Amino acid sequence: MAFPRPKPTTMETLAMERANPSFNVRKMSVAMHGSERALILKEKFMAEIARHPAFKLSDIHDLSKDELRERTMEKFASMVYFVTNESIETFQLRMQLIGIADPSFWTRFGVAYGLFLGALRSGATPNQLSYWIDKGVLGLNGVIGCFAMTELAHGSNVAGLETTATFDRGSDEFIIHTPHLGATKWWIGGAASTATHAAVFAQMIIDGKKHGVKTFVTQLRDTKTFTLMPGVNIGDIGKKMGRDGIDNGYIQFTYVRVPRAHMLMKHTQVSRDGVVTDPPLAQLAYGALLGGRTSMVTDSSNSAKKALTVAVRYAAVRRQFASGKNQLETQILDYPIHQRRLMPLVAQAIAIGFTGLRLTAMYEDMTQTLDAMEPSDPNLNDILDKLKETHATSAGLKAFSTWACLDTIDKCRQSCGGHGYSAYSNFPLMYADFAVQCTWEGDNTILSLQAGRSLVGAWGGAVKGKKLAPGVAYLNDSSLISAKSDSSLSLADIQRAWNCVAYNVIKKAAEEYVALLKSGKSKDEAMETCSQSRFIAAKIHTTGYIFRLFKEAVEEMQDNEESKTLRMIAKLYGLWQIEEQQGYFLKYGYYNAQQMDKVQASVDALCAEARAVAIPLIDSFALSDHIINSPLGRWDGSVYESYFAQVQAANPLPKEHPYFTRLIKPLLERTNEDMEDPGTAMGLEDELREIAEERKGE
């Protein structure tokens, strides 16, 4: 007599998934992190915060807004030690991990160090920077900063900010003022409860003339009593969609005076007599934006990997429906449609991760070049062209990477079925916390259009025979206009496909722009009218750029099982995105209908190939159980046991029902009163019969 096979436990299932991987997981993880040092540091950081009481995450779903803010502040003291004792590179890696574990704290701490201190580093003269460091900016012992840029009526349009800074020559002071409600500083992280000073962005006015938006360090609170300074009005903007650990507030200034020396004067200087000296290279202001955008590309990859770690592990242990003669229910990761749901997203997260690594290296190189550059540098124009191109590319990468990550988090949630809707899956918090990335540091659509504007400009340069910067150099290749696939679907063929279609969509946007100019529209009107074509150009160019950087990274690797797997992943990413945007590839004739069918079949096959190594691949993301904070993605596969234990611990039944006596008991014990029928009470039916009989007798 044959007995049915015992069903393996979820833990046994995950152990089987890890048996005999085709590549070395450790080596793969080193490749994804850029170096063994970076991986070792990440593991060290994960161990440290797992034992730190302030970084407890298991109860985070049940804390109130005020409790979250207090816990955010608890973390500050420990991080201050590291920021003052670690190298910038090491501390940036630490904060990269913190950003995945606790986005609220990452943002609040980043406001103080990344934005406020960043504003000082990029905008202050050396003596000004030394002054503020002596005041306690680094150790938060004297100054806790915030970044007062956005206003109630202005966000992306920084040049249109309406807070004013009017120079008073008599007192050698600037008067910071909020002229109307729309100029109220809004969304200012740290303003509501914790900041003592702000880097205030305001229109500088001297002798009635506006000189553009400059930055002024303005004290908000007395550092001893924490009372508001005269003329400063601050409030809390309340509960948000996510990141409730950040005390976002509003600030209004009523004729607040600050010394002229509190204006950051690295680029623009104002003398005691009110004489303004503008920078010789205004384009250098671009450089300050690149760091934030670069970190957001990396964060998009890391946050997507966090969501995918949960979804893929859950898909490997969750069984639903037996198929054919199989006595066991099928792992949902074995269903082709589920592979289609998750494997391309894994490829995308890895592709963006490698892009982030290379973008970071480019940013560091660019920063060093800019710091050393003089106006007389013979390579000045080439450097500025590269800066503009990197600035535009980073805008597109920020937009499309953050959109991709937000989409990934929600698709991962849906792929986990009903359990994904539970707060304890961590998907709801992940989504709510990440959603803001699509609108802050520049709304994604606006940034996409900025990237599209730059591409139109690059096309104009290519037409004139100008040699373009590396990121857009393919626009110098006119043969791309009618390129055709060789049907190999190789990495080289995929790269040429993206170059061809990007060339054509940029050409279309540029020609639309030129035609609009010829029709009599101004440059700004023409740019706005061709917005959709600019957006498409940015989207195609950026996706192709991500593919190219990923392809270059894996092709530079030593030929081994890890690089072989990553080549497969690169191919999956490139072809899946071609399938997603297939209309453009058919429109411009790079692929015909039959070849596009081959693309679909290849994506199917690559998803199955990726599924075979899915768990080892996910393991190489190197995210601890503490960091992912989801029982559905437990490393050991104890999904249901962990889920049940967390729900039970977080939701104990009260000894006495909180509202039985007041609400439920009266409902259960109510009596149904007999409702009197008005017709019966009136004797109406008898009366009507009498009336009818009287009519018969008439």
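Chains are numbered independently. Their residues run from 1 in the order of the written sequence. Given that the model is predicted, a residue must reach a pLDDT of at least 70 before its local features are reported, and side-chain atom pairs must reach 80 or more before they are shown or counted; all residues, however, enter totals for whole chains, interfaces and linings. Based on all heavy atoms of the structure, the side-chain values leave hydrogens and waters out of the count.

Observations regarding the overall build of the chain
Part 1: The helix count covers DSSP runs of H or I at least four residues long, the strand count covers runs of E at least two residues long, and both are numbered beginning at the N terminus. Helix and strand counts for the chain stand at 24 helices and 13 strands.
Part 2: If one aligns the C-alpha atoms of the chain with their principal axes, the spans along those axes are about 110 × 75 × 70 Å.
Part 3: For every residue, the accessible area (1.4 Å probe, protein chains only) is compared with the maximum for its type, and the residue is labelled buried under 20%, exposed over 50%, or partly exposed between those bounds. The buried share of the chain, taken over its 698 residues, is 51%.
Part 4: Carbon and sulfur atoms make up 55% of the accessible area of the chain, which totals about 32900 Å².
Part 5: When charges are counted, neither His nor the chain ends are considered; positive counts come from Lys and Arg and negative counts from Asp and Glu. Note that the charge is assigned to NZ on lysines, CZ on arginines, CG on aspartates and CD on glutamates. Averaging the coordinates of the 76 positive side-chain charges in the chain and doing the same for the 79 negative ones gives two points 6 Å apart. Per-residue and other accessible areas were derived by the Shrake-Rupley procedure at a 1.4 Å probe size, with only the shown protein chains allowed to occlude residues.

What about the state of the cysteines?
Part 1: When the sulfur atoms of two cysteines come within 2.5 Å, that pair is taken as a disulfide. Scanning all chains against the criterion turns up zero disulfides.
Part 2: As a non-bridged cysteine, Cys412 has Cys416 as the owner of its nearest cysteine sulfur, 7.0 Å distant.
Part 3: Among the residues examined, Cys412 registers a relative accessible area of 0% and is labelled buried.
Part 4: Cys607 takes part in no disulfide bond, and the closest cysteine sulfur, belonging to Cys412, lies 14 Å away.

Considering the side chain of Arg69
Part 1: Within the secondary structure, Arg69 is located in helix α4 (residues 65-85).
Part 2: With relative accessibility at 11%, the residue Arg69 sits in the buried group.
Part 3: Only 2.5 Å separates the side chain of Arg69 from the side chain of Asp236, close enough to count as a polar contact.
Part 4: Those residues in contact with Arg69 that lie beyond four places of it in its chain are Ala192, Ser193, Asp236, Gly238, Lys240, Asp244, Gly245, Ile246, Asp247 and Asn248. In the analysis that follows, any N or O atom pair within 3.5 Å is treated as a polar contact, provided that within protein one partner can donate a hydrogen and the other can accept it, and provided that, for residues neighboring in sequence, both atoms belong to side chains. Contacts between residues were defined by any pair of non-hydrogen atoms, one from each residue, lying within 4.5 Å.

A look at unusual backbone geometry
When glycine is set aside, most residues are seen to have a negative phi, and most peptide bonds are trans.
Part 1: Unusually for a residue other than glycine, Trp187 sits at a positive phi of about 70 degrees.
Part 2: Tracing the backbone shows Trp187 in strand β4 (residues 185-189).
Part 3: With a phi angle near 55 degrees, Asp207 is a residue other than glycine that sits in the positive phi range.
Part 4: Tracing the sequence through the fold places Asp207 in the loop between β5 (197-206) and β6 (209-219).
Part 5: Its relative accessible area of 60% is what places Asp207 among the exposed residues.

Quick notes on helix α3 (residues 36-50)
Part 1: In a regular helix each residue adds 1.5 Å, so 15 residues correspond to 21 Å; α3 covers 21 Å between its end C-alpha atoms and thus fits that length.
Part 2: Elements that come into contact with the buried residues of α3 comprise α2 (25-33), α5 (88-101) and α20 (625-628). Every helix has an expected span of 1.5 Å times one less than the residues it contains.

Description of helix α10 (residues 380-415)
Part 1: End to end, α10 covers 51 Å across 36 residues, agreeing with the expected 52 Å (1.5 Å per residue, within 8%).
Part 2: A positive backbone phi angle near 65 degrees is found at Gly417, which sits one or two residues after α10.

Remarks on a negative patch on the surface
Part 1: Without a salt bridge and with relative accessible area above 30%, a residue can belong to a patch; like charges are then joined within 9 Å and nonpolar side chains (Val, Leu, Ile, Met, Phe, Trp, Tyr) within 5 Å. Criterion for a salt bridge: a side-chain nitrogen of Lys or Arg within 4 Å of a carboxyl oxygen of Asp or Glu. On the surface, a cluster of negative charge is made up of Glu687, Glu690, Glu693 and Glu694.
Part 2: Positionally, Glu693 belongs in helix α24 (residues 684-697).
Part 3: The exposure class of Glu693 is exposed, given its relative accessible area of 55%.

Details of the environment of Thr390
Part 1: In this fold, Thr390 is placed in helix α10.
Part 2: For the pair Thr390 and Pro8, spaced 382 residues apart in sequence, the C-alpha separation works out to 52 Å.

Thoughts on the sheet that holds β4
Part 1: Two strands are counted as paired when DSSP detects at least two bridges linking them. Reading across from one edge, β4-β8-β7 is the order of the three strands in this open sheet, with antiparallel pairing throughout. Single-partner strands in this sheet number two, and they are β4 and β7 (232-236). Strand-to-strand, the axes of this sheet are offset by a mean angle of 35 degrees, without reference to chain direction.
Part 2: Relative to strand β8 (residues 248-253), β4 is paired through three bridges, and the arrangement is antiparallel. Counted as the bridge partner of Ile188 is Gly249 from β8. Note on geometry: axes are C-alpha line fits, over the in-contact stretch for helices, and angles between N-to-C directions span 0 to 180 degrees.

Points about the pattern of salt bridges
Part 1: Per the stated rule, a full pass over the model turns up 39 salt bridges.
Part 2: The partner of Glu89 in a salt bridge is Arg37, and the shortest N-O contact between them spans 3.5 Å. Highlighted residues: Glu89 in helix α5 and Arg37 in helix α3, separated in sequence by 52 residues.
Part 3: Through salt bridges with shared partners, a single network forms among Lys44, Glu48, Glu86 and Arg94.

Quick look at the UniProt feature "binding site: FAD" (unreviewed entry) in the chain
Part 1: Following the UniProt record, one finds the feature "binding site: FAD" (unreviewed entry) at Thr150 and Gly189. These annotated residues cover 40 residues of sequence, and their C-alpha atoms lie no more than 10.6 Å from one another, placing them together at a single site.
Part 2: Inspection of the secondary structure puts Thr150 in the loop between β1 (145-148) and β2 (164-168).
Part 3: Residue contacts for Thr150: discarding those within four places in its chain leaves Gly155, Thr184, Lys185, Trp186, Trp187 and Ile188.
Part 4: Of note is the side chain of Thr150, whose polar atom sits 2.7 Å from the backbone oxygen of Trp186.
Part 5: Residue position: Gly189 is located in strand β4.
Part 6: Non-local contacts of Gly189, meaning those with residues more than four positions away in its chain, are made with Arg108, Val111, Cys146, Ile246, Asp247 and Asn248. UniProt positions are given in the numbering used here, feature names are shortened, and annotations may be inferred rather than shown by experiment.

Thoughts on the pairing of β6
For a regular strand, the rule is simple: side chains alternate between the two faces of the sheet.
Part 1: When β5 meets β6, the two strands line up antiparallel, connected through nine bridges. Residue pairing in the sheet places Ile205 in a bridge with Lys210 of β6.
Part 2: Here β5 hands over to β6 after two residues, with Asp207 in that stretch at a positive phi of 55 degrees.

What about the packing of aromatic side chains?
Part 1: In summary, the pairing rule links any two rings of Phe, Tyr or Trp, Trp by its six-membered ring, whose centres are within 6.5 Å, and it sorts them by plane angle into stacked for under 30 degrees, edge-to-face for over 60 and tilted for everything else. If you walk through the whole model with that rule in mind, you get 19 aromatic pairs.
Part 2: Ring plane angle 65 degrees and centroid distance 5.0 Å describe the contact between Phe147 and Phe201, whose orientation is recorded as edge-to-face. Note that Phe147 is positioned in strand β1 and Phe201 in strand β5, a separation of 54 residues in sequence.
Part 3: In this structure Phe147 comes out as buried when scored by relative accessible area, which is 18%.

A word on the pairing of strand β9 (residues 256-259)
Part 1: Here β9 shows one buried face, formed by Val256 and Val258, and one open face, formed by Arg257 and Pro259.
Part 2: Note: strand β3 (residues 173-177) against β9, four bridges, orientation antiparallel. Opposite Glu173, over in β9, you have Pro259 as the bridge partner.

Description of the nonpolar core
Part 1: To define a nonpolar core, start from buried Ala, Val, Leu, Ile, Met, Phe, Trp, Tyr and Cys residues and group those joined through side-chain atoms within 4.5 Å. With 153 residues, the main nonpolar core has Met343, Ile350, Leu475 and Ile578 as its most contacted residues.
Part 2: Broken down by element, this core gets its largest block of residues, 14 residues, from helix α13 (residues 491-518).

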